[in-house]
Amino acid sequence: MKALDELTFDNRFARLGDAFSTHVLPEPLDEPRLVVASNAAMALLDLDPAVAETPVFAELFSGHKLWAEAEPRAMVYSGHQFGGYTPQLGDGRGLLLGEVYNEAGEHWDLHLKGAGMTPYSRMGDGRAVLRSSIREFLASEALHALGIPSSRALCVIGSSTPVWREKQERGAMVLRLAHSHIRFGHFEYFYYTKKPEQQAELAEHVLNLHYPECREQPEPYLAMFREIVERNAEMIAKWQAYGFCHGVMNTDNMSILGITFDFGPFAFLDDFDAHFICNHSDHEGRYSFSNQVPIGQWNLSALAQALTPFISVDALKEALGLYLPLYQAHYLDLMRRRLGLTTAEDDDQKLVEQLLKLMQNSGVDYTLFFRRLGDESAALAVARLRDDFVDLAGFDAWAEQYKARVARDGDYSEVQRRERMHAVNPLYILRNYLAQNAIAAAESGDYSEVRRLHEVLSKPFEEQAGMEQYAQRPPDWGKHLEISCSS
Ligand code: AMP
Ligand code: MG
């Protein structure tokens, strides 16, 4: 276990120099205080969880103090936002403080979001509010606990600094961890600004540090792109299987590592709704729940375009062609498991599609349906779940097929079935209304609810005593909360 001053830095991205990032010091927040910290994320840095409660912790992650070895930098990138190219974006309110490595030899970027103005702030104030910082913290740690690749979050530090959004709010910072903060948009930036040397340097950097196994391949860059395609296919399959809607899948928000990244107006589905749009500024539904799948491919094509100096167009196209079949295979595998199936049959895809259609038409709670399906034998479970459906004949027909399919799958005891299904079907997810309750309490100075919710979500598959209220459908007020993009 380390103390805060024992972190070991190795700032590899900063060493790429001024063409890639600009040195900027964080602008401190007033009266910093710890809102919440993640013990699991502390462990990634070998930090003793007790240090989170010390005043110096809040000072370090609110811009008041800095390690001597830190080299805070704002990164430059660009990206396609809602389909249109924006030539320059960059860290407008976040700073890469430095890279630390832990005892296992893993490097972690320390990225402080909400750290003040940078050369890339454009019209923004460089700040993040408490509400959005809590949402990013809870989401990244909850996704990780579900087994969905994501950036991580060490802590949220609140403050008394006023920040103006639709109304006056308070500034906060979230300390984000990832093996890299390089986005698709980094490659697009150097491609469209026609800086081939820097682009090659960036590609070498990513290949050497993050895809070293691709070095062994005959065409290392192509192998790396393929791996990025594969990781994205798998990540998005997990989003779809667990009902996660990212909300702003712009290419500047897509990590080169294939992890969920840059949380804005995201949401987990309550009722299953393929057409759900979580971002109320997304009028066309470009990033609706079901569109995430083709958008994943669109984003990879945008990255492919930026990689044309290194890889032939034919090879890029072939690699892109892997996306959809891989996505489908991962998705179907996950959905089979969610249904408690251990074998594969040709008609499984249809069984899943029919169920989702029925759920959509009846507004069935996506998470609780699967959890309850595993509570008892297939026959008893479907009999009990029947009441949630409006189209009873449709559900009965599906249930008959499902029971027959389960019987063909194998002869399992109820206990085996429950254990297997509960291990993949969470009881607790980050419902918007739960986040909203925690935020409302935190905004009035009570952080206990954020901390409790974070705790509950860190073990989403495990039934926790006294936590029934976190495993409920939303109350009416919490069903269709509009999540503002201004964060
Ligand atoms: P996002 O929608 O959070 O992914 O941000 C898109 C771009 O806007 C990025 O370049 C951000 O750094 C920048 N940005 C977002 N909010 C702010 C803000 N409050 N101040 C400065 N820049 C911001
Ligand atoms: Mg972003």
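Residues numbered from 1 in each chain as written. Chains lettered and ligands numbered in written order. Predicted model: local features only at pLDDT ≥ 70, side-chain atom pairs only at ≥ 80, totals over all residues. Heavy atoms only, no water.

Undergrad: A description of the domain arrangement of the protein chain should follow, citing residues and the corresponding values.
TA: Assigned domains of the protein chain: these are domain 1 (4-184) and domain 2 (341-422). Centre-to-centre separation of domain 1 and domain 2, based on C-alpha positions: 42 Å. (Domains from an automatic or database assignment.)

Undergrad: Tell me what's going on with the packing of aromatic side chains, and back it up with residues and numbers.
TA: The description of an aromatic ring pair uses the distance of the two centres, along with the angle that the planes make with each other. By the definition in use, this model includes 26 aromatic pairs. With a centroid separation of 5.9 Å and 85 degrees between ring planes, the pair formed by Tyr433 and Trp477 is classed as edge-to-face. Linking Tyr433 in helix α15 (residues 432-443) with Trp477 in the segment after α16 (448-457), this pair joins segments that are 44 residues apart in sequence. Judged by relative accessible area, Tyr433 falls into the buried class, the value being 5%. Given the relative accessible area of 46%, Trp477 is considered partly exposed. Geometry around Phe266 places Arg135 over its ring, the cationic atom sitting 4.1 Å from the centre. In this structure, Arg176 packs its charged tip against the face of Phe261, placed 4.6 Å from the ring centre. (Phe/Tyr/Trp six-rings, centres within 6.5 Å; stacked < 30°, edge-to-face > 60°. Helix = DSSP H or I, 4+ residues; strand = E, 2+ residues; numbered from the N terminus. Buried < 20%, exposed > 50% of the residue type's maximum accessible area, 1.4 Å probe, protein only. Lys NZ or Arg CZ within 6 Å of the ring centre and 35° of its normal.)

Undergrad: Outline the site of ligand 1, supporting the account with residue identities and numerical values.
TA: Within the structure, ligand 1 sits among 15 residues, and Gly90, Gly92, Asp125, Gly126 and Asn253 are positioned closest to it. Gly126 is positioned such that a nitrogen or oxygen atom in its backbone is 2.8 Å from a nitrogen atom of ligand 1. Coverage of ligand 1 by the protein amounts to 79% of the 480 Å² it exposes when considered alone. (Near = heavy atom within 4 Å. Polar contact = N/O pair within 3.5 Å; in protein donor to acceptor, adjacent residues only side chain to side chain. Areas by Shrake-Rupley, 256 points an atom, 1.4 Å probe, with all protein chains shown as cover.)

Undergrad: How would you summarise the nonpolar core if you had to cite specific residues and measurements?
TA: The biggest cluster of nonpolar side chains holds 162 residues, and the ones touching the most others in it are Phe57, Phe61, Phe369 and Trp398. Take this core: its biggest share by element is 14 residues, from helix α6 (residues 220-242). Residues from two domains meet in this core; each of domain 1 (4-184) and domain 2 (341-422) gives at least three. Once you skip the residues sitting within four places of it in the chain, Phe369 turns out to touch Leu355, Met359, Val364, Leu385, Phe389, Phe395 and Trp398. (Core = buried A, V, L, I, M, F, W, Y, C linked by side-chain atoms within 4.5 Å. Contact = heavy atoms within 4.5 Å.)

Undergrad: Could you give an account of the pattern of salt bridges, with specific residues and numbers?
TA: For the structure on display, the rule yields 33 salt bridges. The residue Arg176 makes a salt bridge to Asp262 at a minimum N-O spacing of 2.7 Å. Of this pair, Arg176 sits in strand β11 (residues 168-178) while Asp262 is found in the loop between β12 (244-245) and β13 (267-268), placing the two residues 86 residues apart along the sequence. By relative accessible area, Arg176 is classed as buried at 1%. For the salt bridge of Glu227 with Arg231, the shortest nitrogen-to-oxygen distance reads 3.1 Å. (Salt bridge = Lys/Arg side-chain N within 4 Å of Asp/Glu carboxyl O.)

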